[in-house]
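Results of the structural survey
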Amino acid sequence: MDQGKSITLQNVRKAWGETVSLRGIDLEILAGQFTAILGPSGCGKSTSLRVIAGLEDVTSGRVLIGDQDVTAMSPAQRNLSMVFQSYALFPHLSVAENIVFGLKVARMQRQERLARLAEVAELLELTPYLDRKPAALSGGQQQRVALGRAVVSRRPVCLMDEPLSNLDARLRDEMRREIRKLQQALGFTMVYVTHDQTEAITMADQVVLMNQGQIEQVATPQQIYAAPATPFAARFIGTPPMNLLPPSAFGALLDKRSEGVQIGVRPEVLSEDRHGAFAATVRSAEFLGADTLVELDANGAPLLAKLAGNRSVLPGEELRFSVAPSDIHVFDVASNGRLDDPALVARIAGAQA
Amino acid sequence: MQRTRQWIHAWLLLLPAFVFLLAFTHVPAITTLWNSFWTTARGRRPSRWAGLDNYDTLIADPVFWKVLVNNIWFAIGTIPTSIVIALVMAVWVNQKLAGRGFVRMAYFTPTVLPMIAVANIWMFFYTPGFGLIDQITGLFGMAQSNILGQSDTALVGVMIVTIWKEAGFFMIFYLAALQTIPPSLIEAARIEGAGPWTIFRRVTFPLLMPTTLFVSVNAVVNSFRMVDHIFILTGGGPDNASSLLLFYIYEVAFRFWDTAYAATLTVVLLAILAALAIGQFFFFDRKVHYK
């Protein structure tokens, strides 16, 4: 088995005329790791993947796989495999022929080819369906065939473009685990494009968060959740999204000196505390079962709080919260980056700090 | 009661189309078959039952065999060539190239032109002495040619015109089919290491098989049906060298006024076409992937 290879993008730009899709991407994708490229639609994540695959040329910049500059190489020369959102199975070929398509193109010996096919079919539980055409398979089975075609040639890099978006929720959970297992068992480098933060967080070793053709943050899922680098990263990861509040929301706690910052607090870290420094007025509440989502008004700024259990609140009621200093994120509006300001954090955390 | 009403409604709805099909297709076909068993009425001699006499005449008729062989050569010469050219043109104009719209239109133009007009254009190419072909070959000092006037080349000249006319028409079908192939299939094949030729052979062409079947059935029917250009180009000559079955039927029926024998020839033509169409469906059916 080939071990995975690293992928490096150096200042990659991609533009179609006036439309700029990638605005100078620098990215290091680690060998043998599961990297998820996450972002809203139109952020350039699929373009990044297609640039790595060689299906799109770069406008400028370099693409390296391992130590090799592949910028000018065709997809075939880059020695990678890819799973498409639509699966892209050949409708006129049987499952077996679909899986070994690449091996046949590479003129692999028949015996070896059949051995590989049998192994992959066993691994993906496709053995009973090998003679069927893709149209006679369910969505989940088609997905497995696409996976089989990607892993059968044992290439060091595997790219996936939103492979689960055509499946129903239950199947998606199942395939998520299966893909992760497959990647760990075979040890190739996985680049996985998704707009679904759950997929990215649950599967990836490393998440690349993109927005408007730029990279917002590259970190482990835990790091992105615990210390988002930008306001965008803060809002994109976590459900419900993080509250981003102007200083005025904290009333007397903050003074004029803290203009030009945004303060981020996740709804789930706000805990009710009668002596808490931070006060807000209830506007409405939604009971979700395990917890209650409360919509509040903090000095004119909307605020969401997720309170444990069935805490019944009434509109107009004033709640006081305390927040651990480590759960307060400060962003500089001008530089769009994260600020380390312990003094400011301490004032918000208030009496508890 | 309810069922009867539904039946009546169904038949009423089918009736108009059915009447026209009967009047213009099925009744004439059966009349033709019936006429082929009678002699042609001439002057004071009314037509009388002839049994299979007309068919005996047909088997003994050297001109019939000549035009049948001509037609087979005509089909062999035009069908594969025009289909291959159509496919190549379609793949070519399906790519991203500058002036794609213009090229597509240019390839399709022969289809829009009436066959008579096409034949007249080609007359201008073929005319001995001052036709386009002779003008060009004349530049290199070559002798004059008379492609349509010689019995060994007349049919080839007619075939070239037919290919020129048909390829653009078939191209449109291939182009439409090519555009229904999802680009991700081609991309998947490229990632798997396939070159352009392998992609064409193993992905594109198999997916075009339904179109190929459709186009080839059409081409076969056309090769027995298109005669307009023969009137202009050669008139079937010289010595029936470029005459086709349908053209011969026309001559027998409306020049020689032997309608009974023409009916006999028509029955043979119908039988050939039916056999070919059915045969093609059975031959291709195993190889065609329908979605």
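The rules behind each value
Residues numbered from 1 in each chain as written. Chains lettered and ligands numbered in written order. Predicted model: local features only at pLDDT ≥ 70, side-chain atom pairs only at ≥ 80, totals over all residues. Heavy atoms only, no water. UniProt positions renumbered as here; feature names shortened; annotations may be inferred. Disulfide = S-S within 2.5 Å. Buried < 20%, exposed > 50% of the residue type's maximum accessible area, 1.4 Å probe, protein only. Contact = heavy atoms within 4.5 Å. Buried area = accessible area lost by both parts, 1.4 Å probe. Salt bridge = Lys/Arg side-chain N within 4 Å of Asp/Glu carboxyl O. Helix = DSSP H or I, 4+ residues; strand = E, 2+ residues; numbered from the N terminus. Nonpolar A, V, L, I, M, F, W, Y, C, P; charged D, E, K, R; others polar. Pairing = 2+ DSSP bridges. Right-handed = clockwise from strand over helix to strand, strands pointing away. Polar contact = N/O pair within 3.5 Å; in protein donor to acceptor, adjacent residues only side chain to side chain. Domains from an automatic or database assignment. Axes fitted to C-alpha atoms, helices over the stretch in contact; angles between N-to-C directions. Phe/Tyr/Trp six-rings, centres within 6.5 Å; stacked < 30°, edge-to-face > 60°. Lys NZ or Arg CZ within 6 Å of the ring centre and 35° of its normal.

Named according to an unreviewed UniProt entry, chain B is ABC transporter permease subunit originating from Tritonibacter litoralis. Taken verbatim from the UniProt record of chain B, the Sequence similarities (unreviewed entry) comment is "Belongs to the binding-protein-dependent transport system permease family." Taken directly from UniProt, the Subcellular location (unreviewed entry) text for chain B runs: "Cell membrane".

Under an unreviewed UniProt entry, the name given to chain A is ATP-binding cassette domain-containing protein, and the source organism is Tritonibacter litoralis. In its Sequence similarities (unreviewed entry) section, the UniProt record describing chain A reads: "Belongs to the ABC transporter superfamily."

**A look at the state of the cysteines**
Residues and elements named next belong to chain A. Tallied over the entire structure, the rule returns 0 disulfides over all chains. Here Cys 43 stays free of any disulfide, with the sulfur of Cys 158 as its closest cysteine sulfur at 19 Å. Residue classification places Cys 43 among the buried residues on the basis of a relative accessible area of 2%. Relative accessible area serves as the criterion here: at 1%, Cys 158 is assigned to the buried category.

**A short note on the interface of chain A and chain B**
Counting residues at the interface gives 25 residues for chain A, matched by 16 residues for chain B. Roughly 1900 Å² of surface becomes buried between chain A and chain B when both sides are summed, with 64% attributable to carbon and sulfur atoms. Our count for the contact surface shared by chain A and chain B stands at 2 salt bridges. Between A:Arg50 and B:Glu187 there is a salt bridge, with the nearest N and O atoms lying 2.6 Å from each other. Those elements giving two or more residues to the side of chain A that touches chain B turn out to be helix H1 (45-53), strand S6 (80-83) and helix H3 (101-105) of chain A. Among the elements that take part in the side of chain A that touches chain B, H3(A) stands out by supplying 4 residues, more than any other. Considered class by class, the residues forming the side of chain A that touches chain B number 14 nonpolar, 6 polar and 5 charged.

**A word on the environment of B:Thr153**
Residues and elements named next belong to chain B. Following the sequence through the fold, Thr 153 ends up in the loop between helix H6 (132-139) and helix H7 (154-179). In this structure Thr 153 comes out as partly exposed when scored by relative accessible area, which is 25%. For the pair Thr 153 and Ser 242, spaced 89 residues apart in sequence, the C-alpha to C-alpha distance is 8.7 Å. For Thr 153, the contacting residues outside a window of four places in its chain are Asn 146 and Ile 147.

**What to know about the pairing of strand S8 (residues 189-194) of chain A**
Side chains on a regular strand alternate between the two faces of the sheet. Residues and elements named next belong to chain A. Most of S8 sits inside the fold, with 6 of its 6 residues counted as buried. Residues Thr 189, Val 191 and Val 193 line one face of S8 and the alternating positions Met 190, Tyr 192 and Thr 194 line the opposite face, and both faces are buried. In this structure, strand S3 (residues 34-38) lies alongside S8, joined through 5 bridges in parallel fashion. Looking at the pairing, Leu 38 lines up with Thr 194 of S8. For strand S7 (residues 157-161) and S8, the ladder comprises 5 bridges, and the chain directions are parallel. Considered in S8, the bridge of Met 160 is made with Tyr 192. Read as a crossover between parallel neighbours, the route from S7 over helix H6 (residues 169-186) to S8 is right-handed.

**Side note on the side chain of A:Asn243**
Residue and element names in this part refer to chain A. By the element assignment, Asn 243 lies in strand S11 (residues 243-245). Judged by relative accessible area, Asn 243 falls into the buried class, the value being 5%. At 2.7 Å, the side chain of Asn 243 forms a polar contact with the backbone oxygen of Leu 304. Dropping the residues within four chain positions of it, Asn 243 is found in contact with Ile 263, Gly 264, Val 265, Arg 266, Pro 267, Leu 270, Leu 303 and Leu 304.

**Details of the domain arrangement of chain B**
Residue and element names in this part refer to chain B. Domain assignment breaks chain B into domain 1 (1-35) and domain 2 (54-285). When each unit is reduced to the centre of its C-alpha atoms, the spacing between domain 1 and domain 2 is 34 Å. Taken together, the 4 residues of domain 1 in the interface contact 7 residues of domain 2. Interface area, domain 1 with domain 2, both sides summed: about 340 Å², of which 76% is carbon and sulfur. Interface area lost by domain 1 to domain 2 is led by Thr 32, Leu 33 and Asn 35, which between them contribute 89%. Viewed at the interface, domain 2 and domain 1 are joined by 0 salt bridges. Where domain 1 packs against domain 2, one counts 0 residue pairs in polar contact (both at pLDDT 80 or more). Taken together, the residues that form the side of domain 1 that touches domain 2 break down as 2 nonpolar, 2 polar and no charged.

**Describing the domain arrangement of chain A**
Residues and elements named next belong to chain A. Taken domain by domain, chain A holds domain 1 (7-230) and domain 2 (243-352). Domain 1 and domain 2 are separated by 39 Å when their C-alpha centres are compared. With 8 residues of domain 1 in contact, the opposing surface of domain 2 contributes 7 residues. Around 570 Å² of area is buried between domain 1 and domain 2 when both sides are counted, 47% of it from carbon and sulfur atoms. A per-residue breakdown of the area domain 1 buries against domain 2 is headed by Tyr 225, Pro 228 and Thr 230, which together make up 68% of the total. Remark: the boundary between domain 1 and domain 2 carries 0 salt bridges. Summed over the shared surface of domain 1 and domain 2, the number is 4 residue pairs in polar contact (both at pLDDT 80 or more).

**Quick notes on the sheet that holds strand S12 (residues 261-265) of chain A**
The strands making up a sheet associate through hydrogen bonds between their backbones, and the pairing can be parallel or antiparallel. Residue and element names in this part refer to chain A. In space, the 4 strands of this open sheet follow the order S11-S12-S18-S19, with antiparallel pairing throughout. Each edge of the open sheet carries a strand with a single partner, namely S11 and strand S19 (337-339). Neighbour to neighbour, the strand axes of the sheet diverge by 35 degrees on average, direction disregarded. Pairing of S11 with S12, which is carried by 3 bridges, proceeds in the antiparallel orientation. Across the sheet, the residue bridging to Leu 244 is Gly 264, located in S12. Relative to the sheet, helix H10 (residues 342-349) contacts S12 and strand S18 (328-332), its axis offset from that of S18 by approximately 135 degrees.

**Let's talk about the UniProt feature "transmembrane region" (unreviewed entry) in chain B**
All names here are of chain B. Mapped onto the present numbering, the UniProt feature "transmembrane region" (unreviewed entry) falls at residues 72-93, 105-125, 154-178, 199-221 and 260-284. Taken end to end, residues 154-178 is 100% helix and 0% strand, and its two terminal C-alpha atoms sit 36 Å from one another. Segment residues 199-221 splits into 96% helix and 0% strand. End C-alpha atoms: 31 Å apart.

**Thoughts on the packing of aromatic side chains**
Scanning the model with the defined rule gives 27 aromatic pairs over all chains in all. Measuring from ring centre to ring centre gives 5.8 Å for B:Trp34 and B:Trp38, while their planes differ by 55 degrees; the resulting arrangement is tilted. Residue classification places B:Trp34 among the partly exposed positions, given a relative accessible area of 49%. Among the residues examined, B:Trp38 registers a relative accessible area of 25% and is labelled partly exposed. One aromatic cluster in this structure is built from B:Trp34, B:Phe37, B:Trp38, B:Trp49 and B:Tyr55. For A:Lys14, the ring lying beneath its charged end belongs to A:Trp16, and the centroid distance is 4.8 Å.

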